[in-house]
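Working through the structure, step by step
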Amino acid sequence: MTHTGKTYWRSLEQLADTPRFREWLHREFPENASEMLSSSSRRTLLKLMAASIGLAGLTACRRPVEKILPVAKGVEDYIPGNPLFYSTALSFGGLTTGLLVETHEGRPTKVEGNPNHPASLGAASAFTQASILGLYDPDRAREVRQNGQKSSWQDFATFAQTQFGGDGAGLRFLSAQVTSPSLEAVKAHALQRFPNAGWIEYEPLARDEAMAGAALAFGQPVHTHYNFEKADVVLSLDSDFLGLDSTNIAATRAFSRRRKISRPEEEMNRLYVAESQYSITGAVADHRLRMRVSELRQFSVDLAIELKISGDNLRLLPRPGDGRQKWLASVARDLARHRGHSLVVVGPRQPASVHALAHLINQSLGNAGETVTYTAATWQPQAAALRELTGEMSAGRVSTLVILGGNPVYNAPADLQFEANLKKVRTVVRLGLDIDETTAASTWQLPEAHYMEAWGDVRSSDGTCTVQQPLTQPLYGGKTAAEVVAMISGYKDQRAYDIVRNYWLARWTGEKDANKTWRKALHDGVIAGTQSALVKPTADAKRIAAATAPAQAVGLEAAFYADASMYDGRFANNGWMQEAPDPMTKVTWDNAALLSPATARALQIETGDILALELAGRKITIPALIQPGHADQSISLTLGYGRKKCGRIGRGVGHDVYPLRASDGLHFVTGVNVKKTGARYKFSLTQDHHSMEGRPIVREATLEEFRKEPAFAEKQGPETHLFSLYKEQDYSQGNQWGMAIDLNACIGCNACLVACQAENNIPIVGKEQVGKGREMHWIRLDRYFEGAEEDPKVVYQPMACQQCENAPCESVCPVAATSHSPEGLNDMAYNRCVGTRYCANNCPYKVRRFNFLEWNKDLEESQKLVFNPDVSVRVRGVMEKCNYCVQRIQETKIKAKTDGHRAIRDGEIVTACQQTCPAEAITFGNINDPNSKVAKLKQQERNYGVLAELNVRPRTTYLAKVRNPNPELA
């Protein structure tokens, strides 16, 4: 039948009679396949076509054969299009986070924190949010290769049967830090099977000094757990515990809960920070003291003396007269006044003696067992073990090296010359997720399964274990480390599923229904009863004093830090992380040598000058960036850039600083020589100014000022007499959505920015376009400095579309592409937008983003799988912005309607930024419901709207920041 020039077929039988179909069938099937078109075989044809469609559906669903258990009920009645959530976990760098992963028809699309897991409590970091992009990375290792030639897992299995035999002489395993109980079991079997073999674990950002400090203080290694929610006073010694120095993101949630106050009479904690580089923890501090990393050891000794700890033992150490005595004395008195409710935290860059002193101080202040607890740990120094391994490689005592994950060719200490020594090993087997520097130097290249493709288990630092469920079958046939070691050693189980499941079932043999326990562990994301028991060690003051030698800093210092986007380099090919601005510098797609204004003046250095740094014959070049608040005579360098071999996103981006890092100076070195090369470099920053230009954008006060004047936020704003030329819209009926952001809780960590990008299919645009101001992030994390550039304070403010009730963008759009909904949302009709950009010009908040180019044009098929199917993928020439995750609002409204037209419950709709925020700084809901959390927050005296004097009436408002300074240091 035809209609308006188009043909529609009533049935497949009618279609089969057409010449075009016969031609297609002849072309697509073997010769003589057209015989199936005889009238007697049409029924057979239809059966075959139906079967092929069914088989196509089965193969398209990439769920593993083994059963995984979703965090949902009634999967038998599953409705296509509705997402399912599965619990799993991510472990990297020895850190573990419990997660919930959203899937659509077997395709993972979004990561959230698991509220049942003690290391996440429902929150997620920027790294965990971005990890899903790594699953669909088209540059991943895709096949088994031997000496660069394509091979197979079967070939490797055959090779393993002949290669790995005897007592394991000359055999070494090198892995990332093992946090998997089942892998530990396979590891134990392998070392029993090969008694002369060795197993080394190495992480470039290992917490060796912290573990060594605990062993020094207590005579045994322990894991240290801080309860920030109980602490009234916190002293951080070079510890970015709200950022990359924490063992889990739950620390941010616990600390931030003590910063939230709703009434002036409430108490809040106080934070002191002593550090070199300005961290996000330093930005939150009530008092910050800038000092070099190398000076913190003497400072910790001075603190112990000021607190009169350990008698004469520590008094034997010299005390510098550096003018910091007032700050030190005030901190000591404040800690002493809060015995049992204070906390001293030390960062991983500090030597073991500083960690040991902190344990002694916490014990002397009565904090042990209250704000700090301990669990037993096993530990082997990783840097020392890697040094020993490279020595064996150099001497020719290693014939076969199996590298499981990691990238030691890139990130091993430069003085070990790992790559050169690796060439002396006859056979190098490398299991890796990416084709990187280590892969290129290996004999066998084995593709590793992504954590969302693999069965596994992981243990957090407190002992809590989680079963890692696959969300999809391995896209490129990858295997886990446990499977590879099982294949090599002849372990009883060979599949990852069997390795993990049988390991845990063997531990539940005494239970009535072990299978039920297994299913519950899959559902909850936490294995009950696995948390480690607390231990109560005692610090030995004499041993600590004997090991605490004074340190003399010489010359310019260089300190090495994890990068907020790259971590140690493993996220180099992740575009979301490359484009996420550094929380402090706002640099994207790059790293820099950070130094203070005073040091820059002394060395005649300006931002953008390319520097040559040299120490003991090791050299790097890197551009300079002057950072307010940075310690003098110190340079901060972040790791993870300058990759020579990785995917197309990260190759050659930034500057490699690992060549300056040696095994005896993994965290900081002194005596660095700095010279200007004469060359210049241009950064791409998302915020290149530091001031609020005299406008009350971020409003803040001290706790004392808040108590004297609770309405300070309103009084800090300009006097306004608001009126409108237009008829007032009535928003008093129905659901009216709004948001409140507590600036006291926000730490500027980028988690909300990346979560929004994942949820709303926001593209990356690259360094060049960011440099032109064309970044596409719907959330901007503004960072402002206040005060003198040598020692300023820092404030953060998340800024997205404010959903103005009197939206200036709406009145200037010539095609009404942006308009207001009855529920108070500033909506965008993408297919109506013609790209005039009048709305962006008229927006006082500058939060609208324009698609200058077709960012998604050249994506590979695997990259498209990451898109959220509930959100449209925009094309070139349209304006876009935050919409309060309107797809989540609509989904909840539909659910409430199908439940009998019930009212939407408060907290039932959670935006992506709100859900992931570790600090719980964001609250969303119905402002027409007086009992909703957001309505109550908007009634607080700290609540204010940014640029409210323009009468745009923003639906997003802020709770003004309150600091709690020590009156002695005011």
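As a reminder, the structure under discussion sits directly above these lines.
Before going into details, it helps to say that this report is about the structure given with it. (Residues numbered from 1 in each chain as written. Predicted model: local features only at pLDDT ≥ 70, side-chain atom pairs only at ≥ 80, totals over all residues. Heavy atoms only, no water.)

Another aspect to go through is the overall build of the protein. When helices and strands are counted, the protein shows 32 helices and 42 strands. In terms of C-alpha radius of gyration, the protein reaches 30 Å, essentially the compact-globule figure of 30 Å for 970 residues. Across its three principal directions, the C-alpha atoms of the protein cover 105 × 90 × 70 Å. Out of the 970 residues belonging to the protein, those deemed buried represent 58%. Roughly 40200 Å² of accessible area belongs to the protein as shown, and the carbon and sulfur atoms make up 51% of that amount. For the protein, the centre of its 113 positive side-chain charges and the centre of its 107 negative side-chain charges are spaced 2 Å apart. (Helix = DSSP H or I, 4+ residues; strand = E, 2+ residues; numbered from the N terminus. Rg over C-alpha atoms; globule rule 2.2 N^0.38 Å. Buried < 20%, exposed > 50% of the residue type's maximum accessible area, 1.4 Å probe, protein only. Areas by Shrake-Rupley, 256 points an atom, 1.4 Å probe, with all protein chains shown as cover. Lys, Arg positive; Asp, Glu negative; His and termini not counted. Charge placed at Lys NZ, Arg CZ, Asp CG, Glu CD.)

Turning next to empty space enclosed by the protein. Applying the stated criterion across every chain, the model contains 9 cavities of 30 Å³ or more. As a volume, the largest cavity reaches approximately 800 Å³. What lines the largest cavity is a set of 48 residues, among which Phe127, Asp240, Gly243, Leu244 and Asp245 lie closest to the centre. Every element with two or more residues in the lining of the largest cavity is listed here: strand E4 (95-104), helix H4 (126-135) and strand E22 (557-561). Broken down by element, the residue count for the lining of the largest cavity peaks at 3 residues, all from H4. In terms of residue class, the lining of the largest cavity is built from 25 nonpolar, 14 polar and 9 charged. Estimates place the volume of the second largest cavity at around 190 Å³. For the second largest cavity, the lining is made up of 21 residues, of which Met739, Ile779, Ala800, Cys882 and Cys913 are closest to its centre. For the lining of the second largest cavity, the secondary structure elements donating two or more residues are strand E32 (737-742), strand E34 (793-799), helix H31 (912-916) and strand E41 (956-959). (1 Å grid on protein atoms, 1.4 Å probe; cavity = no way out; pocket = protein on both sides within 12 Å on 5 of 7 lines; lining within 4 Å. Points joined across faces, edges and corners; volume = space filled by probe spheres on them. Nonpolar A, V, L, I, M, F, W, Y, C, P; charged D, E, K, R; others polar.)

Among the surface-exposed residues, Phe723, Leu725 and Tyr726 lie close enough to one another that they form a single nonpolar patch of about 480 Å² accessible area. Take Phe723: it is sitting in the loop between helix H24 (712-716) and E32. You can call Phe723 exposed: its relative accessible area is 64%. (Patch = residues over 30% accessible without salt bridge, like charges linked within 9 Å, V, L, I, M, F, W, Y side chains within 5 Å. Salt bridge = Lys/Arg side-chain N within 4 Å of Asp/Glu carboxyl O.)

Formed by 118 residues in total, the largest nonpolar core has its most connected members in Leu613, Leu637 and Tyr845. A total of 6 residues in this core trace back to one element, the largest contributor, which is H4. Once you skip the residues sitting within four places of it in the chain, Tyr845 turns out to touch Arg780, Met799, Gln802, Cys804, Val946, Leu947, Val952 and Pro954. (Core = buried A, V, L, I, M, F, W, Y, C linked by side-chain atoms within 4.5 Å. Contact = heavy atoms within 4.5 Å.)

Structurally, the position occupied by Gln468 is in strand E20 (residues 465-468). Residue classification places Gln468 among the buried residues on the basis of a relative accessible area of 10%. Leave out the neighbours within four places in its chain, and Gln468 touches Thr88, Ala89, Tyr451, Ala454, Trp455, Gly456, Asp457 and Val458.

It is at 9 Å that the axes of helix H6 (residues 181-193) and helix H17 (residues 481-489) come closest, and there the two elements cross at 25°. As the angle between them shows, H6 and H17 are arranged roughly parallel. Crossing geometry of H6 relative to H17 is assigned as left-handed. For the pair H6 and H17, contact is made by Leu183, Val186, His189, Ala190 and Arg193 and by Ala481, Ala482, Val485, Ala486 and Ser489, respectively. The residue makeup of the contact of H6 with H17, split by class, is 7 nonpolar, 2 polar and 1 charged. (Axes fitted to C-alpha atoms, helices over the stretch in contact; angles between N-to-C directions. Parallel < 35°, antiparallel > 145°, perpendicular 65-115°, else oblique. Left-handed = near helix turned anticlockwise from the far one by under 90°.)

Moving on, we come to unusual backbone geometry. A positive phi angle, close to 60°, is found at Asp238, a residue other than glycine. As for its placement among the helices and strands, Asp238 is situated in the loop between strand E11 (233-237) and helix H8 (250-257). Even without glycine at this site, His901 takes up a positive phi of about 55°. Take His901: it is sitting in the loop between helix H30 (886-898) and H31. In this structure His901 comes out as exposed when scored by relative accessible area, which is 62%.

What the rule picks out here adds up to 31 aromatic pairs. Judged by centre distance (5.1 Å) and plane angle (90°), the ring pair of Phe92 and Tyr567 falls under edge-to-face. Here Phe92, found in strand E3 (residues 84-92), pairs with Tyr567, found in the loop between E22 and helix H21 (575-579); they are 475 residues apart in sequence, far enough to count as distant. Look at Phe92 and you get buried, because its relative accessible area is 13%. These aromatic residues form a ring-pair network of at least three members: Trp153, Phe156, Phe159, Phe164 and Trp444. (Phe/Tyr/Trp six-rings, centres within 6.5 Å; stacked < 30°, edge-to-face > 60°.)

Once that is clear, we can look at the pairing of E11. Of all 5 residues making up E11, 5 are buried, and the element is well covered by its neighbours. Sheet analysis places E11 next to strand E12 (residues 270-275), joined by 5 bridges and oriented parallel. Looking at the pairing, Leu235 lines up with Tyr272 of E12. As defined by bridge partners, E11 adjoins strand E14 (residues 342-346) across 5 bridges and the pair is classed as parallel. When the sheet's bridge partners are listed, Leu235 is paired in E14 with Val344. (Pairing = 2+ DSSP bridges.)

The next point concerns the sheet that holds E41. Read from one edge to the other, the open sheet built from 4 strands follows the order E39-E32-E41-E40, with strand pairing classed as mixed. The open sheet has two edge strands, strand E39 (922-926) and strand E40 (943-944), and neither has a second partner. Pairing analysis gives 4 bridges linking E32 to E41, with the strands arranged parallel. Paired with Met739 across the two strands is Thr956, which belongs to E41.

The strand order E10-E15-E21 describes an open sheet built from 3 strands, whose pairing is antiparallel. In this open sheet, the two strands that pair with only one neighbour each are strand E10 (222-226) and strand E21 (534-535). Where strand E15 (residues 372-376) and E21 come together, 2 bridges link them in antiparallel fashion. Considered in E21, the bridge of Tyr374 is made with Val535.

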